[in-house]
Amino acid sequence: MLVLVVDSSTPAVTAALAEVSADGVALRASRCTVDARAHGELLAPQVDAILADAGARPADLAAIVAGLGPGPFTGLRVGLVTAATMGQVLGVPTYGVCSLDGLGHPAAAREPAAAGGPVLAASDARRREVYWAVYDGAGQRVSGPDVAAPAVVAERARDLAVTVAVGDGAQRYADVLGLPVRAEPRYPDPLALARLAAERIRAGAPGEALTPLYLRRPDAVAATGHKPVLR
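The notes below deal with the structure included here. Remember, it's a predicted structure, so these values are computed and weren't measured experimentally. (Residues numbered from 1 in each chain as written. Predicted model: local features only at pLDDT ≥ 70, side-chain atom pairs only at ≥ 80, totals over all residues. Heavy atoms only, no water.)

**Things to note about the side chain of His105**
Moving on, step 1. Mapped onto the secondary structure, His105 falls in helix H3 (residues 101-110).
Moving on, step 2. With a relative accessible area of 19%, His105 lands in the buried category.
Moving on, step 3. Residues within four places of His105 in sequence aside, it is in contact with Tyr135, Ala138, Gly139 and Leu196. (Helix = DSSP H or I, 4+ residues; strand = E, 2+ residues; numbered from the N terminus. Buried < 20%, exposed > 50% of the residue type's maximum accessible area, 1.4 Å probe, protein only. Contact = heavy atoms within 4.5 Å.)

Right, dumping it as structure tokens:
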């Protein structure tokens, strides 16, 4: 089954095609561009590009997997709206995966060194904060997702005996976190997102509403009152 994977929870705008079979999950094509200001402009062309790379058409898709965040409001909703709209138009199920799982799961599962202790996955949340979660040596999430200042996350990481960190948030605040930081994965891995949804895809599970994990209010909010201009 050919599956589209999209994630726009970080500055990395990601689209990929994965093939899900009884034997496993393989990546057929992938595009990733890091530009925090151009999610809306980049995602749709990247979907077209990976379909062309794989010699496939939208009608060939059996399902769509989307990273649910957490992530900044504007960028995150681009991926979720794209996934939901395509799912509705094509009549295929959509499945959501926490985007941080696409960082923490591969970091724990692929690297033997991580098997000895928990892994912190952190993405940049702006406002001098990070979105974060902690994963055990098998790649299972044991804490989070949540949003907090790096100093608060560092304290929680010590409490949970974290041994290593991954993600662009971990790289940005490495000095505060006080942990070794791996260079990769820096952004959610589309293959990991597909693998985490593979069981639902194989089972033909009903499609899910793609509910975003914003974790906090958007930067821009509507005014709650009006200041009189005439006195």
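From this point, things continue past the structure.
**Thoughts on the pairing of strand E2 (residues 12-21)**
Moving on, step 1. With respect to burial, E2 is a largely interior element, eight of its 10 residues being buried.
Moving on, step 2. Judged from the six bridges that link them, strand E1 (residues 2-7) and E2 form a sheet pairing that is antiparallel. Note that in E2 the partner of Asp7 across the bridge is Thr14.
Moving on, step 3. Two elements, E2 and strand E3 (residues 24-34), share 10 bridges in a ladder whose sense is antiparallel. Looking at the pairing, Val13 lines up with Thr33 of E3.
Moving on, step 4. Linkage of E2 to E3, two consecutive antiparallel strands, is achieved through a turn of two residues. (Pairing = 2+ DSSP bridges.)

**Re helix H2 (residues 73-90)**
Moving on, step 1. In this model H2 runs 26 Å from its N-terminal to its C-terminal C-alpha over 18 residues, within 8% of the 26 Å that 1.5 Å per residue would give.
Moving on, step 2. If you check which residues of H2 are buried, you get Gly75, Leu76, Val78, Gly79, Leu80, Ala83, Met86 and Gly87.
Moving on, step 3. Residues of H2 that are buried sit in contact with E1, helix H1 (39-54), strand E4 (61-67) and strand E5 (94-97).
Moving on, step 4. After H2 finishes, the residue Gly91 shows a positive phi value of roughly 70°. (Expected span 1.5 Å × (residues − 1).)

**A short note on the packing of H1 against H2**
Moving on, step 1. In contact at an axis separation of 9 Å, H1 and H2 are set at 35° when each is read in the N-to-C sense. Where H1 crosses over H2, the two elements pack in a sense that is right-handed. The residues of H2 that touch H1, namely those facing His39, Gly40, Leu43 and Val47, are Gly75, Val78, Gly79, Thr82 and Met86.
Moving on, step 2. Its residues assigned to classes, the contact of H1 with H2 shows four nonpolar, five polar and no charged. (Axes fitted to C-alpha atoms, helices over the stretch in contact; angles between N-to-C directions. Left-handed = near helix turned anticlockwise from the far one by under 90°. Nonpolar A, V, L, I, M, F, W, Y, C, P; charged D, E, K, R; others polar.)

**A short note on the packing of aromatic side chains**
Moving on, step 1. This structure, assessed with the given rule, holds one aromatic pair.
Moving on, step 2. Look at Phe73 and Tyr214: their rings are 4.8 Å apart centre to centre, the planes differ by 40°, and that puts the pair in the tilted class. Here Phe73, found in helix H2, pairs with Tyr214, found in the segment after helix H7 (190-203); they are 141 residues apart in sequence, far enough to count as distant.
Moving on, step 3. The class of Tyr214 is partly exposed, set by a relative accessible area of 22%. (Phe/Tyr/Trp six-rings, centres within 6.5 Å; stacked < 30°, edge-to-face > 60°.)

**Brief notes about the environment of Asp168**
Moving on, step 1. Here Asp168 lies in helix H5 (residues 168-172).
Moving on, step 2. Residue classification places Asp168 among the buried positions, given a relative accessible area of 7%.
Moving on, step 3. Apart from residues no more than four positions distant in its own chain, Asp168 is found in contact with Pro11, Ala122, Ser123, Asp124, Arg186 and Tyr187.

**Examining unusual backbone geometry**
Moving on, step 1. For the bond from Gly69 to Pro70, the omega torsion is 10°, close enough to zero to count as cis.
Moving on, step 2. Following the sequence through the fold, Pro70 ends up in the loop between E4 and H2.
Moving on, step 3. The omega torsion across Gly144 and Pro145 is 10°, close enough to zero to call that bond cis.
Moving on, step 4. Mapped onto the fold, Pro145 is located in strand E8 (residues 141-148).
Moving on, step 5. The backbone of Arg126 sits at a positive phi, close to 65°, despite the residue not being glycine.
Moving on, step 6. Considering the arrangement of structural elements, one finds Arg126 in strand E6 (residues 119-126).

**Observations regarding the nonpolar core**
Moving on, step 1. In terms of nonpolar packing, the biggest core is built from 24 residues, with Leu4, Val6, Leu17, Leu43, Val47 and Leu61 touching the most fellow members.
Moving on, step 2. Beyond its immediate chain neighbours, meaning those up to four positions away, Val47 contacts Leu4, Val6, Ala15 and Met86. (Core = buried A, V, L, I, M, F, W, Y, C linked by side-chain atoms within 4.5 Å.)

**Quick look at the sheet that holds strand E9 (residues 164-166)**
Working definition: the strands of a sheet are paired by backbone hydrogen bonds and lie parallel or antiparallel to each other.
Moving on, step 1. Across the sheet, which stays open at both edges, the four strands sit in the order E8-E7-E6-E9 with mixed pairing between neighbours. In the strand order of this sheet, the two ends are held by E8 and E9, each with one partner. With strand direction ignored, the average angle separating the axes of adjacent strands in the sheet is 20°.
Moving on, step 2. The sheet contact formed by E6 and E9 spans three bridges and is parallel. Each bridged residue has a counterpart across the sheet, and for Leu120 the counterpart in E9 is Ala165.

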